[in-house]
Amino acid sequence: MRILLVEDDAGIRVPLAASLVRSGFEVTAVDSGAAALEAVEGVDLVLLDLGLPDIDGSEVCRRIRRDGAVPVIVISARGDEIDRVTMLDSGADDYVVKPFGTREIVARIRAVARRSVPSDDGSEIVEIGALRLDNRSHVVTLSGQPVELTPKEFGVLAFLAADPGRVRTREEILSEVWDEHWWGPTKTLDVHVASLRRKLGAPGWIITVRGVGFRLDDVGDGP
Ligand code: CA
């Protein structure tokens, strides 16, 4: 995944770029709005500081969004409410407030990247074998037949389906679908997984990885 980091403060730009590279991203780092607009082509996501020396960050965001579908996460100064609203209005997908940690920014990048894989018709569809999830409308079909899921069931399935075959820990699933500060019983998760298996009609698709969590197996052509 290629990330364009736009930040004029070298004290943030240099260590942040290094952290992102360590986290497995390919990073292009620039220090101005003009350089950002030149470098944006072909990147998968933009991390955009608002306070740039040449072009205002919201204007940079607007131009990036006008020219293509690349997601933008704004890096904003603490407590800057007006900027926050302006940025979301001008097409940013998310924002982080300085100061932030690498874990936080990486989580935001992954969340935004997951959300914004548009299909040809502009919707956000995940298809695995006979299973089809629309992340925008939350409609799930199996071999063309609708499957009625609760919002949490959808969340669990969508999270697993975003990376089929990859084991997700209970903590990852709970923090993604419930709340990042979920400290309740993880039995809640088992109840939802059991219900999902029942509704999908194929208990084997969501594999329990004992002591770790769950993964979505190859769904194949249907139950
Ligand atoms: Ca700045």
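Criteria and thresholds
- Within each chain, residues carry numbers counting from 1 in the order of the written sequence.
- Only residues with pLDDT of 70 or above have their local features reported here, since the model is predicted, and side-chain atom pairs are shown and tallied only from 80 upward, although totals for entire chains, interfaces and linings are computed over all residues.
- Side-chain metrics rest on all non-hydrogen atoms present in the structure, leaving aside hydrogens and water.
- To qualify as a helix, a DSSP run of H or I must reach at least 4 residues; to qualify as a strand, a run of E must reach at least 2; elements of each kind are numbered from the N terminus.
- Only protein chains enter the accessibility calculation, which uses a 1.4 Å probe; a residue is then buried when its area is under 20% of its type maximum, exposed when over 50%, and partly exposed in between.
- By the convention used here, residues are in contact when the closest approach between their heavy atoms is within 4.5 Å.
- We get accessible surface area from the Shrake-Rupley algorithm with a probe of 1.4 Å; when it comes to residues, only the shown protein chains can shield them.
- When DSSP locates at least two bridges between a pair of strands, those strands are taken to pair.
- Fitted lines through C-alpha atoms serve as axes, helices being fitted only where they are in contact, and the angles separating the N-to-C directions of these axes extend from 0 to 180 degrees.
- Definition used in this section: a nonpolar core is a set of buried Ala, Val, Leu, Ile, Met, Phe, Trp, Tyr and Cys residues joined via side-chain atoms within 4.5 Å.
- Here a donor is an N, O or S atom found within 2.8 Å of the metal, or within 3.2 Å if the metal is Na, K or Ca; sites may look incomplete because water is not among the atoms.

Asker: Before we go on, may I ask you to explain the overall build of the protein chain in this structure?
Answerer: A count of helical and extended segments in the protein chain gives eight helices and twelve strands. Classification of the 223 residues of the protein chain by burial places 39% in the buried group. Look at the contacts in the protein chain between residues 6 or more apart in sequence, and 52% of them connect residues 24 or more apart. Carbon and sulfur atoms make up 50% of the accessible area of the protein chain, which totals about 11700 Å².

Asker: It is not clear to me how the sheet that holds strand β6 (residues 125-128) should be interpreted in this structure. Could you clarify?
Answerer: Note on sheets: strands pair through backbone hydrogen bonds, and any given pair is parallel or antiparallel. On the basis of which strands lie adjacent, the open sheet formed by four strands has the order β6-β7-β8-β9 and antiparallel pairing. The open sheet terminates on both sides in strands that have one partner only, identified here as β6 and β9 (145-147). Direction aside, neighbouring strands of the sheet carry axes that sit 25° apart on average. Relative to β9, strand β8 (residues 139-142) is paired through three bridges, and the arrangement is antiparallel. Bridge assignment links Val140 to a residue of β9, and that residue is Val147. Seen against the sheet, helix α6 (residues 151-161) touches β6, β7 (131-134) and β8 and runs at an angle of roughly 110° to β7.

Asker: How should the nonpolar core be read in this particular structure?
Answerer: For soluble globular proteins, nonpolar side chains are generally found buried alongside one another. Counting residues in hydrophobic clusters, the biggest one holds 28 residues, and the most contacted among them are Val156 and Leu157. Of the residues forming this core, the biggest block, seven residues, is contributed by α6. Residues in contact with Leu157, not counting those within four places in the same chain, are Leu131, Leu133, Val140, Leu149, Leu196, Leu200 and Leu216. Among the nonpolar cores identified, the runner-up in size contains 18 residues, and Val30, Val43, Ile55 and Ile64 belong to it.

Asker: Would you mind showing me how to read the coordination of the calcium ion here?
Answerer: When a metal carries six donors in an octahedron, the ideal angles between them are 90 or 180 degrees, while four donors in a tetrahedron ideally lie at 109.5 degrees. With distances of 2.2 to 2.4 Å, the protein atoms coordinating the calcium ion are Asp8 (OD), Asp49 (OD) and Gly51 (O). Along the chain, the residues donating to the calcium ion fall in the pattern D-x40-D-x1-G. With Asp8 in the loop between β1 (2-6) and α1 (10-22) and Asp49 in strand β3 (residues 45-49), this residue pair connects regions lying 41 residues apart in the sequence.

Asker: Looking at this structure, I do not really get the sheet that holds strand β12 (residues 213-216). What am I missing?
Answerer: Strands sit in the order β10-β12-β11 across an open sheet of three strands; the sheet is antiparallel. Two strands lie at the open edges of the sheet, namely β10 (168-169) and β11 (206-209), each paired on one side alone. Pairing analysis gives four bridges linking β11 to β12, with the strands arranged antiparallel. For Ile207, the partnering residue across the bridge sits in β12 and is Arg215. Sheet strands in contact with α6 are β10, β11 and β12, and its direction is about 70° off that of β12. Of the strands in this sheet, β11 and β12 are in contact with helix α8 (residues 187-200), which crosses β11 at around 150°.

Asker: What is the right way to look at the environment of Thr169 in this model?
Answerer: Along the chain, Thr169 falls in strand β10. By relative accessible area, Thr169 is classed as partly exposed at 25%. Along the chain, Thr169 and Gly213 lie 44 residues apart, while their C-alpha atoms are 4.2 Å from each other. Ignoring sequence-local partners within four residues, the contact set of Thr169 consists of Val212 and Gly213.

Asker: What exactly am I supposed to notice about the pairing of strand β5 (residues 94-97) here?
Answerer: Strand residues, when the strand is regular, have side chains that alternate between the two faces of the sheet. Burial along β5 is one-sided: the residues Asp94 and Val96 are buried and none of Tyr95 and Val97 is. Relative to β5, strand β4 (residues 72-76) runs parallel, the two being bridged by four bridges. Along β5, the bridge assignment pairs Ile73 with Asp94.

Asker: Whenever I open this one, unusual backbone geometry confuses me. Can you help?
Answerer: Leaving glycine aside, a negative phi is the common case for residues, and trans is the common case for peptide bonds. With an omega of -5°, the peptide bond running from Lys98 to Pro99 counts as cis. A positive phi angle, close to 50°, is found at Ser143, a residue other than glycine. Note on Ser143: relative accessible area 45%, which makes it partly exposed.

As far as function goes, none of this settles anything; it's purely spatial.
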